[in-house]
Amino acid sequence: MTDTLQETTILDRVADGLYIGGEWVAAEGGKTFEVRDPSTGEVLKAIADASPADGIRALDAAVAAQDAWAATAPRERGEILRRAFDRLIERREDFALLMTLEMGKPLAEARGEVNYGAEFLRWFSEEAVRITGRYGLNPEGTGRIVVAQRPVGPSYFITPWNFPLAMATRKIAPALAAGCTVVVKPAALTPLTTVAFVQLLEEVGLPKGVVNVVTTTSSSKVSGPIIADPRLRKLSFTGSTEVGRKLIEQSAQGILRTSMELGGNAPFVVFEDADLDKAVDGAMVAKFRNIGQACTAANRFIVHESVAAEFAKRVTERVSAMRVGRGTEDGVAIGPLIDDDAVASTDELVKDAVEKGAKVLAGGAPIDGAGSFYAPTVLGNVGADARLLREEIFGPVLGITTFADEDEAVRLANSTEFGLISYVFTKDLARGHRMIDRLATGMMGLNTGLVSNAAAPFGGVKQSGIGREGGFEGIHEFLDTKYTLIPVD
């Protein structure tokens, strides 16, 4: 449990301006917007609301700093990231509380996000010194081949509201390690954590202009001119497939390098031989972490008909016992959804499923009172025509459908335009290996409900996006390959 003084102190420390060229400045015309606590609807803080001109000023600063940052020794770039990691871990409680205030997740989960987000700083601090090329004689023996990796250049990041720290560090850390400068635009619903993180980067000695942050309620108006500017060389976005598609169209004009981590519709497949204790534990994590507001959240629970009733009974018992409340309160497992629109869209999908034959086993409705709360929900007997089997449900709703054999499970799991992640529970190792090959997703959890790791490549296939974040693959998203031929005399 936190107190008002502690919360006020944390909020007062967060800058209320834009960070451009190493300076905290007001937005054009002094315009601001309010950031609200989704658990109460109350205003947390007013911060700068950038204009398109402010966005271009931020890009100007990134362009001006690019050559010097690219020429900075990899070890020095890595050490700045390592100092940022150490400082972030020292301030874990402060960052966790700030995230809980603006996004709503329980404090325990917010602390987990700080640990996860910090790992990208540590991982890429080590990758900065491992950027390599190759040198050798060509097959004809007429010249030497030199292949080098060079920074892509100024990069623009659009980050989502649901993981305000980890999505910032997952993009910023590899860019800095590779030698790229950055303009980041955090989501207007949860900008404070990113602003606080940029303040931390300033403290640990990041040169001016290397990272710039623009907070705004006019995302498309600010982003459009930046993306259209020929000096920009890289665009990275995490969010909906609908918005990602538009951004890809815009980026095509400048042939920008793009990384797109888009929507998900993750299948959670439980075979008849699964360890049900593990499957239920995995379901609780895969579905209800972050209040179900994650692109990796399990969306479709595809359970073998022989174990579906027992699985439904166990998850219903667990879900019915979950405490709902403000994330700062002790014992809370489910906080608020991000806003009232999220509550309405979640309820719409639940009602659609019920109208088409689904049975409400737990929850199933918004919670009256202050804040944007929706009861954690379990739905059984979800029909094939229910919208929640086709559309991503960004909320605490677990819908169960059944299958009879492996081929049907694969067909149901793959029957979506998305392909971010899948979850499979089985004791049969051979079947597990088959699922790796047969399920059309960029990631898979085998007998686990949580796969994210800074050392692993995060990303999807089909309409879940392009590119990878994390792992050694992550830094290559910010590197261009240059080949030189040196003739042999």
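To keep things clear, this report deals only with the structure shown in the data block.

Cut-offs used in this document
- Residues numbered from 1 in each chain as written.
- Predicted model: local features only at pLDDT ≥ 70, side-chain atom pairs only at ≥ 80, totals over all residues.
- Heavy atoms only, no water.
- Pairing = 2+ DSSP bridges.
- Helix = DSSP H or I, 4+ residues; strand = E, 2+ residues; numbered from the N terminus.
- Axes fitted to C-alpha atoms, helices over the stretch in contact; angles between N-to-C directions.
- Parallel < 35°, antiparallel > 145°, perpendicular 65-115°, else oblique.
- Contact = heavy atoms within 4.5 Å.
- Nonpolar A, V, L, I, M, F, W, Y, C, P; charged D, E, K, R; others polar.
- Core = buried A, V, L, I, M, F, W, Y, C linked by side-chain atoms within 4.5 Å.
- Buried < 20%, exposed > 50% of the residue type's maximum accessible area, 1.4 Å probe, protein only.
- Expected span 1.5 Å × (residues − 1).
- Polar contact = N/O pair within 3.5 Å; in protein donor to acceptor, adjacent residues only side chain to side chain.
- Right-handed = clockwise from strand over helix to strand, strands pointing away.
- Left-handed = near helix turned anticlockwise from the far one by under 90°.
- Salt bridge = Lys/Arg side-chain N within 4 Å of Asp/Glu carboxyl O.

Moving on: the sheet that holds strand 5 (residues 134-137). One open sheet holds the three strands; their spatial order is 5-6-22, and the pairing between them is antiparallel. Across the chains shown, the open sheet's two edge strands, defined by having one partner strand only, are strand 5 and strand 22 (479-487). On average, each strand axis in the sheet is tilted by 15° relative to the strand beside it, whichever way the strands run. The pairing of strand 5 with strand 6 (residues 143-151) spans four bridges and is antiparallel. For glycine 136, the partnering residue across the bridge sits in strand 6 and is isoleucine 145.

Once that is clear, we can look at the packing of helix 5 (residues 107-127) against helix 6 (residues 166-178). Orientation of helix 5 relative to helix 6, taken along the N-to-C sense of each, is 5°, at an axis distance of 8 Å. Here helix 5 lies roughly parallel to helix 6, going by the angle between them. Residue-level contacts link Glu113, Tyr116, Gly117, Phe120, Leu121 and Phe124 of helix 5 to Ala166, Thr169, Arg170, Ala173, Pro174 and Ala177 of helix 6. Considering only residue class, the contact of helix 5 with helix 6 consists of eight nonpolar, two polar and two charged.

Turning our eyes to something else, we now look at the nonpolar core. Counting residues in hydrophobic clusters, the biggest one holds 65 residues, and the most contacted among them are Ile172, Leu176 and Val211. The element that contributes the greatest number of residues to this core is helix 6, accounting for nine residues. If we ignore the near neighbours within four places in the chain, the residues touching valine 211 are Tyr19, Ile172, Leu176, Val182, Val198, Leu201 and Leu206. Listed in part, the 53 residues of the second largest apolar core include Leu276, Phe311, Leu337 and Leu349.

Look at helix 10 (residues 276-288): 17 Å from first C-alpha to last across 13 residues, which is about the 18 Å you get at 1.5 Å a residue. Turning to helix 10, its buried residues are Leu276, Ala279, Val280, Gly282, Ala283, Met284, Ala286, Lys287 and Phe288. With a side-chain oxygen positioned 3.0 Å from the backbone nitrogen of aspartate 277, the residue opening helix 10 is aspartate 275. Note on helix 10: the residue one or two positions beyond its end, asparagine 290, has a positive phi of about 60°.

Here strand 13 (residues 298-304) lies mainly inside the structure; seven of its seven residues are buried. Two elements, strand 12 (residues 266-270) and strand 13, share five bridges in a ladder whose sense is parallel. The residue bridging valine 270 from the neighbouring strand is valine 303, located in strand 13. Note that the unit made of strand 12, helix 10 and strand 13 has a crossover that is right-handed. The pairing of strand 13 with strand 16 (residues 397-403) spans four bridges and is parallel. Of the residues in strand 16, the one forming a bridge with histidine 304 is phenylalanine 403.

This part is about the packing of helix 2 (residues 52-71) against helix 8 (residues 219-228). Two elements in contact, helix 2 and helix 8, have axes separated by 8 Å at closest approach and are oriented at 40°. One element, helix 2, and the other, helix 8, form an angle in the oblique class. Between helix 2 and helix 8 the crossing geometry is right-handed. Residues Pro52, Gly55, Ile56 and Leu59 of helix 2 form the contact with helix 8, whose participating residues are Lys221, Val222, Pro225 and Ile226.

Moving on, we come to the sheet that holds strand 12. If you walk across this open sheet you meet the seven strands as 14-15-16-13-12-18-19, and the pairing is mixed. Looking along the sheet, the strands with just one partner apiece sit at the ends: strand 14 (359-362) and strand 19 (443-446). Across the sheet, the mean angle separating the axes of adjacent strands is 25° when strand polarity is ignored. In the sheet, strand 15 (residues 377-380) pairs with strand 16 via three bridges, with the strands oriented parallel. By the bridge assignment, leucine 379 is partnered in strand 16 with glycine 399. Lying over the sheet, helix 13 (residues 406-414) contacts strand 12, strand 13 and strand 16, oriented at roughly 140° with respect to strand 16.

On to the pattern of salt bridges, then. Two side chains carrying opposite charge are able to pair once their charged atoms lie near each other. For the structure on display, the rule yields 35 salt bridges. Across the pair arginine 170 and glutamate 469 runs a salt bridge, and its minimum N-O distance is 2.9 Å. With arginine 170 in helix 6 and glutamate 469 in the loop between strand 21 (465-466) and helix 15 (471-476), this residue pair connects regions lying 299 residues apart in the sequence. For the pair arginine 170 and glutamate 469, one class covers both residues: buried. The residue arginine 231 makes a salt bridge to aspartate 229 at a minimum N-O spacing of 3.0 Å. One continuous salt-bridge network, built from bridges that share partners, spans Glu272, Asp273, Glu406, Asp407, Arg431, Arg434 and Arg438.

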